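Breakdown of the fold
Listed below are the residues making up each chain.
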Amino acid sequence: LRFQIKILKTKTIYKTGFMKKIIIAATTTLIALTNTLKAQMPYNFAASKSAYQPLTTGTKLNDTTTWDDEVYKLAIPFPFKLNNKTITHFYIQGGEIAMSDTAGAADAIPFMNADIIDRGVADTVPVSKSPIRYKVDGNAGSRILKLEIANAGFADEFNSDTTTDDFFNLQIWVYEGSNVFEMRYGANSIADFNTYFPVLGMMTGFAKGLDMNQGAFDKIYILSGDPASPDIDSMTTTSFTYGLSSFPDSGTVYRFTPKPTSIA
């Protein structure tokens, strides 16, 4: 199987990540608003454990090029619905978020609100050390599209002292037929969590009506609290909640199963 891969745009490296820009802008003006919505998420959520398996044979989206805020377009090789809406592609920006579109308000899967980078940027001659790669497993009717952000680093660390010692591994699995998606966490070493995820912690979950050009969103459903057994909360531009209190351990799996009727 071959899929369409296209770099849509390239930004200057070491800029603040898109999700982090949204959170910083919102908390700067609305930090006093601490009430959360407790709104119902359009997915049933479950946390579990399963050994992490790197995609060593996956196809690289970035080849040997280091990345920061680049956007990669990846075709979904089977029918798939996100929030009960059929989508045909994911747009992966800077390893931080998978969007269903890049124009106007669209639904998305935010991986995290930190500005992440390829660890190869610290080398004299930059060559990628943090592949963004994918593969498809299974037979037609029950395939799984697996996307991995491997061995990724943090821009805040590099901007501070030009090192990239901290890292993480993350996979997103998308299931044919069930429209389930999962986040799967691998090995990580993060010494400075509060710098990368200030004030509100690590934010991941599902985003509705996210407009990357305007830096706005309708609602983001957030995993909150202990990453081993997180709660579900939600936030808008006038109501905020706290995310995960630390980075998930290796082997952590977050599974999002569509409810019978998605709630817009």
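Bear in mind that the values here come from a model prediction, so they are computed numbers and not experimental data.

Re the side chain of Asp107
Note on placement: Asp107 falls in strand E7 (residues 106-110). We classify Asp107 as buried; its relative accessible area is 5%. In terms of polar contacts, Asp107 uses its side chain to reach the backbone amide nitrogen of Gly209, at 3.2 Å. Here Asp107 is in contact with Leu82, Asn83, Lys85, Met99, Ser100, Phe206, Ala207, Lys208 and Gly209, once residues within four sequence places are set aside.

Here we look at the confidence of the model for the protein chain
Per-residue pLDDT for the protein chain averages 85, and the proportion of residues at 70 or more is 84%. Taken together, the stretch residues 1-15 has pLDDT below 50 and engages in 43 contacts with residues farther than four places along the chain or on a different chain. Predicted confidence for residues 24-39 stays below pLDDT 50, and this span has 29 contacts to residues more than four positions away or in other chains.

Side note on empty space enclosed by the protein
Empty pockets left among the atoms are what a rolling probe the size of a water molecule brings to light. Taken as a whole, this structure holds 2 cavities of 30 Å³ or more when the rule is applied. Within this model, the largest cavity holds a volume of roughly 50 Å³. If you trace the largest cavity, you find it lined by Leu74, Phe90, Ile92, Ala98, Leu145, Leu147, Ile172 and Val174. When residues of the lining of the largest cavity are traced back to their parent elements, those giving at least two are strand E5 (85-93), strand E10 (144-154) and strand E11 (168-175). Grouping the amino acids of the lining of the largest cavity by side-chain chemistry returns 8 nonpolar, no polar and no charged. Its boundaries defined by the atoms lining it, the second largest cavity holds a volume of some 30 Å³. Lining of the second largest cavity is provided by Met99, Asp101, Ala106, Asp107, Ala108, Leu210 and Met212. Per-element accounting of the lining of the second largest cavity gives the leading share, 3 residues, to E7.

About the cut-offs
Sequence order as written defines the numbering, with residues in each chain counted from 1. The predicted nature of this model means local features are confined to residues of pLDDT at least 70 and side-chain atom pairs, given and counted, to a pLDDT of 80 or more, with totals for whole chains, interfaces and linings taken over all residues. Hydrogens and waters are ignored; side-chain quantities use all the structure's heavy atoms. Helix and strand definitions follow DSSP, with helices as H or I runs of at least four residues and strands as E runs of at least two, each counted in order from the N terminus. For the exposure calls, accessible area comes from a 1.4 Å probe over protein chains only, and a residue counts as buried if that area is under 20% of its type's maximum, exposed if over 50%, partly exposed in between. Polar contacts, as used here, are pairs of N or O atoms within 3.5 Å; protein pairs need one atom able to donate a hydrogen and one able to accept it. Residues neighboring in sequence count only if both atoms are side-chain atoms. The contact rule is simple, with two residues in contact once any of their heavy atoms fall within 4.5 Å. pLDDT is a per-residue confidence score from the predictor, ranging from 0 to 100. Definitions used for this entry: grid spacing 1 Å over protein atoms alone; cavity, a set of points where a 1.4 Å probe fits but cannot get out; pocket, an open set with protein on both sides within 12 Å along at least 5 of 7 lines; lining residue, one with an atom within 4 Å of a point. Grid points are joined across faces, edges and corners, and a volume is the space filled by probe spheres set on the points. Polar here means any residue outside two lists: the nonpolar Ala, Val, Leu, Ile, Met, Phe, Trp, Tyr, Cys and Pro, and the charged Asp, Glu, Lys and Arg; Gly therefore counts as polar.

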